[in-house]
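Observations on the model geometry
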Amino acid sequence: MQKNFRPHPNSFKNTFCVFHEVLQDEVTGLKIQFESKAGSTYYYTEEGMYRVSNHWGRLANSKWRLVAMEPETPSKTKTGFAAWSEFYPDNTTDKLYYIQADFEKNTVTYQHRNNPDYDKKAVLRTSFETTKRIKQIRNLQQLTSWAKHFEEDIDVLRAEIITELIYTEKTLDEIKREI
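Residues numbered from 1 in each chain as written. Predicted model: local features only at pLDDT ≥ 70, side-chain atom pairs only at ≥ 80, totals over all residues. Heavy atoms only, no water.

Details of the nonpolar core
Put simply, the rule reads: Buried Ala, Val, Leu, Ile, Met, Phe, Trp, Tyr and Cys residues that are joined via side-chain atoms within 4.5 Å together make up what is termed a nonpolar core. Buried residues are those whose accessible area, probed at 1.4 Å on protein chains only, stays under 20% of the maximum for their type, while exposed residues exceed 50% and partly exposed ones sit between those limits. Every helix listed is a DSSP run of H or I at least four residues long, and every strand listed is a run of E at least two residues long, numbered separately from the N terminus. Two residues form a contact once any of their heavy atoms are found within 4.5 Å.
Counting residues in each nonpolar core, the largest one holds 17 residues, and the members touching the most others are I99, I137, L140, W146, I161, L165 and I166. Of all the secondary-structure elements, those providing two or more residues to this core are strand 9 (97-102), helix 1 (127-142), helix 2 (154-167) and helix 3 (172-178). When residues in this core are grouped by element, the largest group, five residues, is from helix 2. In contact with W146, other than residues within four places in its own chain, are N139, L140, I154, L157, R158, I161 and K176. Judged by nonpolar contacts, the second largest core, of eleven residues, contains M49, L66, A82 and F87.

Let's talk about the pattern of salt bridges
Opposite charge on two side chains permits them to pair, given that their charged atoms come into close proximity. This is how the line gets drawn: Between Lys or Arg on one side and Asp or Glu on the other, a salt bridge is scored when a side-chain nitrogen of the former is within 4 Å of a carboxyl oxygen of the latter.
In this structure the tally under the stated criterion is seven salt bridges. Residue D90 is joined to K63 by a salt bridge in which the shortest nitrogen-to-oxygen separation is 2.8 Å. Pair noted here: D90 is in the loop between strand 8 (88-89) and strand 9 and K63 is in strand 6 (residues 62-67), with a separation of 27 residues, a long-range link. As far as burial versus exposure is concerned, D90 and K63 are alike and both buried.

The structure is reproduced here in structure tokens:
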């Protein structure tokens, strides 16, 4: 029988966390310990939290993201797991976030400075600054009109500009002028 582990109710307020998708079987036999008004269910264990939900991202006062399995499961409802040590503090004033780009998959995301994988090289930014830079990077990834005045290969340009946006405080305009 499952021991009823219950974290403090305010443990998750103002947190950032990356959950990793697991198979639905992982929660079989576990007792639902909380169900939100939106229909998400939560299972707490000594190791961490399972969350079953059809919505991820901004949740009330927290930022919880799900890294989907590959290949992605067809169901809209996903089961995610995060260890207790993977919940990091979040606020709007501190420089807590850095940006990661995957040039092969053409994606961009942000991570928390407390992430053990942080190399201490990417510039830390507030959540607002991070959101603004990510928008610029996504435009560079998805659009081509910005590159019409450059003679260099667009993929090389993208990588160069995005890398500068991640690792420097330079503005997009400053970076483009220097190229």
